[in-house]
Amino acid sequence: MRYRTIGKDPATRREVSVLSLGAMLFGTITDEATSFAILDRFVEAGGTFIDTSNNYAYWVNGTQGGESEELLGRWRRSRGAGDELTIATKLGGRPLAPSATMALDVEGLSAKSIRESSERSRERLGMEKLDLLYAHTQITSVPTQEIVESFAGLVTEGAVGLLGASNHYAWRVAEARSLAAAAGLPGYEVLQYHHSYLRQRTDFPSRRSPDGQEGVLSGDHLSYLRSDPELALVAYSPLLGGAYVREDKPLGSEFDHSGTPVRLAALRQVVKETGATANQVVLSWLIGSEIPAIPLVGASSVAQLDESLAAVDLELTAEQRERLDAAY
């Protein structure tokens, strides 16, 4: 396994594995025994970065979520896991009532919600301090100053280490970070977005915004990250749900543009040259990109996880990377 540092303050920064394990479906679709086996294998391979959220996965059984955090809490206690692991969770998107569909009536980011939800996450995870806490949604009428001060207060109190934002438009992230910097407060240091080798259109209205796909890494986000190398990028759904390797998993309409076939052709060529799988080439490309990303991979079996773990040791040549980057 390889590692990198996220965060810049010596008091809160963390050294994490360059591959992160997503626990979204642990405790619901992925049963406890299988989840424990996947987590054990990840740690055995040197993995230290695990991701969840307080609303995972409410839509599976029509709940308000929390199943993933609860399972991770049981696994941590049973294994005696401690500070050697970095557990990231999120708040803001937990539905106010049980729901089996995409909920728009969610807890949001008021000072009250941030404090109460973070406390419940600590209880479910069995952690006195959350290593990394994301603001998970930008659906809010709360002033950005209140959000910034509320999250910063948790860091100051020692209840949270690092702060991050997921599924926010770039301007919202920039506004929040500017306010935090001006006030001398801790701000977002990690950004989590849907990002992969194939680029998707971001102009389609999302279920939460008529202005486009706020959860997809856009050119604005990339430009912002390039301007501040101290920001860390975590890329969720990097393998597009299996679409790179499964013929029964077609790409959605958001990939219906002229760049997709060109990139697929370049990817297939590198796959042939390396003898690796398309998934492994994509993960290796993300880890070693000019704007490096920490791929956040899911797994429903140890075998799936092993395929992703092998990507950490896959070294693409400079010429292969140049070809992949230049394909549009």
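Here the structure is a predicted model, which is why all the values come from computation and not from measurement.

Student: Describe the nonpolar core, naming the residues involved and giving the relevant values.
Tutor: If you look at the biggest cluster of nonpolar residues, it comprises 79 residues, and the most contacted ones within it are Ile50, Phe151, Tyr188, Tyr197 and Val281. Here this core takes seven residues from helix α9 (residues 278–287), the largest share from any one element. Beyond its immediate stretch of four places on either side in the chain, Ile50 contacts Ser20, Leu21, Ala23, Leu39, Phe42, Leu72, Trp75, Leu85, Thr86, Ile87 and Ala88. Counting 13 residues, the second-largest nonpolar core is a separate cluster that includes Ile6, Val16, Phe49 and Leu162.

Student: Before we move on, can you summarise the pattern of salt bridges with the specific residues and values?
Tutor: Enumeration according to the criterion identifies 17 salt bridges in this entry. Residue Arg177 pairs with Asp228 through a salt bridge whose shortest N-O separation is 3.0 Å. Of the two residues, Arg177 sits in helix α6 (residues 170–183) while Asp228 sits in the loop between α7 (219–227) and β9 (232–236), which places them 51 residues apart along the sequence. Residue Asp228 is classed as buried on the basis of its relative accessible area, which comes to 17%. With a closest N to O distance of 2.9 Å, Arg323 and Glu273 form a salt bridge.

Student: For unusual backbone geometry, give the residues involved together with the corresponding values.
Tutor: A cis amide bond links Tyr56 to the next residue, Ala57, at an omega of -15°. On the secondary structure map, Ala57 appears in the loop between β4 (49–51) and α2 (58–61). Notably, Ser237 is not glycine yet its phi reads approximately 50°, a positive angle. Even without glycine at this site, Leu240 takes up a positive phi of about 50°. Following the sequence through the fold, Leu240 ends up in the loop between β9 and α8 (259–274).

Student: Now, about the packing of aromatic side chains: what can you tell me, with residues and values included?
Tutor: How two aromatic rings sit relative to each other is set out by the distance from centre to centre and by the angle between their planes. Tallied over the entire structure, the rule returns four aromatic pairs. Geometrically, the ring pair formed by Tyr58 and Trp59 is edge-to-face, given 5.0 Å between the ring centres and 85° between the ring planes. Residue classification places Tyr58 among the buried positions, given a relative accessible area of 2%. Residue classification places Trp59 among the partly exposed residues on the basis of a relative accessible area of 31%. Their ring planes at 80° and their centres at 5.0 Å tell us that Tyr197 and Trp285 sit as a pair that is edge-to-face. Of the two residues, Tyr197 sits in the loop between β8 (188–194) and α7 while Trp285 sits in helix α9, which places them 88 residues apart along the sequence. By the burial criterion, Tyr197 is buried, and Trp285 matches it.

Student: Tell me about helix α5 (residues 144–157), residues and numbers included.
Tutor: Between its first and last C-alpha atoms α5 spans 20 Å; for 14 residues at 1.5 Å apiece the expected length is 20 Å, and the two agree. Where α5 is concerned, the buried positions are Thr144, Ile147, Val148, Ser150, Phe151, Ala152, Gly153, Leu154 and Val155. Of the surrounding elements, those touching the buried residues of α5 are β5 (86–91), α4 (111–125), β6 (130–135), β7 (160–166), α6 and β8. Just downstream of α5 lies Gly158, where phi reads positive at about 85°.

Student: I'd like to hear about the packing of helix α3 (residues 67–79) against α4, residue by residue, with values.
Tutor: Interhelical geometry of α3 versus α4 gives an angle of 45° and a closest axis separation of 7 Å. Our classification of the angle between α3 and α4 gives oblique. Residues Glu69, Glu70, Leu72, Gly73, Arg76 and Arg77 of α3 lie in contact with α4, whose contacting residues are Ser121, Glu123, Arg124 and Leu125. Residues of the contact of α3 with α4, tallied by class, amount to two nonpolar, two polar and six charged.

Student: How would you explain the environment of Leu130 if you had to name every residue and give the values?
Tutor: Looking at where Leu130 falls in the secondary structure, it is placed in strand β6. In this structure Leu130 comes out as buried when scored by relative accessible area, which is 0%. Along the backbone, Leu130 and Arg77 are 53 residues apart, and their C-alpha atoms lie at a distance of 15 Å. The residues touching Leu130, leaving out its near neighbours within four places in the chain, are Thr89, Ser118, Ser121, Arg122, Leu125, Ala159, Val160 and Gly161.

Student: Account for the side chain of Arg124, with residues named and values stated.
Tutor: Residue placement: Arg124 occurs in helix α4. In contact with Arg124, other than residues within four places in its own chain, are Asn54, Gly66, Glu69, Glu70, Gly73, Arg77 and Arg94.

Student: Tell me about the side chain of Thr52, and name the residues and values.
Tutor: With respect to the helices and strands, Thr52 occurs in the loop between β4 and α2. With near-sequence residues (within four places) excluded, Thr52 lies in contact with Ser68, Glu69, Leu72, Ala88, Thr89, Lys90 and Leu125.

Criteria and thresholds
Residues numbered from 1 in each chain as written. Predicted model: local features only at pLDDT ≥ 70, side-chain atom pairs only at ≥ 80, totals over all residues. Heavy atoms only, no water. Core = buried A, V, L, I, M, F, W, Y, C linked by side-chain atoms within 4.5 Å. Buried < 20%, exposed > 50% of the residue type's maximum accessible area, 1.4 Å probe, protein only. Helix = DSSP H or I, 4+ residues; strand = E, 2+ residues; numbered from the N terminus. Contact = heavy atoms within 4.5 Å. Salt bridge = Lys/Arg side-chain N within 4 Å of Asp/Glu carboxyl O. Phe/Tyr/Trp six-rings, centres within 6.5 Å; stacked < 30°, edge-to-face > 60°. Expected span 1.5 Å × (residues − 1). Axes fitted to C-alpha atoms, helices over the stretch in contact; angles between N-to-C directions. Parallel < 35°, antiparallel > 145°, perpendicular 65-115°, else oblique. Nonpolar A, V, L, I, M, F, W, Y, C, P; charged D, E, K, R; others polar.

Purely geometric stuff here, so don't read any function into it on its own.
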